[in-house]
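Observations on chain architecture
Given next are the chains, with one letter for each unit.
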Amino acid sequence: MTKVEQIQAEIEALSKEDFVRLREWFAERDWLLWDKQLEADIADGKLDVSRQPSAVSRQP
């Protein structure tokens, strides 16, 4: 059994209340990681639209 399969089995065995707590924790952690990645992308200039070529074709 892999580590992920073991975790999945343990999650299946949780009470409803513990599952809700885990789900809330996981969602919060997911958002925090997303925020960190977004901040890193902004710092690296990856989201600076003024520096990226336009996807809209321009007509003369």
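Note that the coordinates shown come from a computational prediction; the quantities given were computed from them, not determined experimentally.

Overview of the overall build of the chain
- Along its length, the chain carries two helices and zero strands.
- Here the chain displays about 6,100 Å² of accessible surface, and carbon together with sulfur accounts for 56% of that area.

A look at the pattern of salt bridges
- By the definition in use, this model includes two salt bridges.
- With its nearest N and O atoms 3.6 Å apart, the salt bridge here joins R21 to D18. In this pair, R21 and D18 both sit in helix α2 (residues 16-43), three residues apart, roughly one turn of the helix.
- We note a salt bridge from D41 to K46, for which the minimum N-O separation is 3.9 Å.

Notes on the packing of aromatic side chains
- Tallied over the full model, the rule gives two aromatic pairs.
- Taking the centre distance of 5.7 Å and the plane angle of 80° together, the rings of W31 and W34 count as edge-to-face. Of this pair, W31 and W34 both sit in helix α2, three residues apart, which is roughly one turn of that helix.
- Taking the relative accessible area as the measure of exposure, W31 reaches 54% and is therefore exposed.

What counts and what doesn't
- Counting restarts for each chain: residues are numbered from 1 in the order of the written sequence.
- Thresholds applied to this predicted model are a pLDDT of at least 70 for local features of residues and 80 or more for the giving and counting of side-chain atom pairs; totals over whole chains, interfaces and linings are not thresholded and use all residues.
- To get the side-chain values, take all heavy atoms of the structure and skip hydrogens and water.
- Each helix is a run of H or I in the DSSP string that is no shorter than four residues. Each strand is a run of E no shorter than two, and both are numbered from the N terminus.
- Here the open area of atoms and residues is found with the Shrake-Rupley method and a 1.4 Å probe, where only the protein chains shown may cover a residue.
- Salt bridges are defined by distance alone: a side-chain nitrogen of Lys or Arg within 4 Å of a carboxyl oxygen of Asp or Glu.
- Geometry of aromatic contacts follows a simple scheme: Phe, Tyr and Trp rings, the Trp one being its six-membered ring, pair when their centres are within 6.5 Å, and the pair is stacked under 30 degrees between planes, edge-to-face over 60, tilted otherwise.
- Each residue's exposure class comes from its accessible area (1.4 Å probe, protein chains only) as a fraction of the maximum for that residue type: buried when under 20%, exposed when over 50%, partly exposed otherwise.

Remember, this is a structural readout, not a statement about activity or role.
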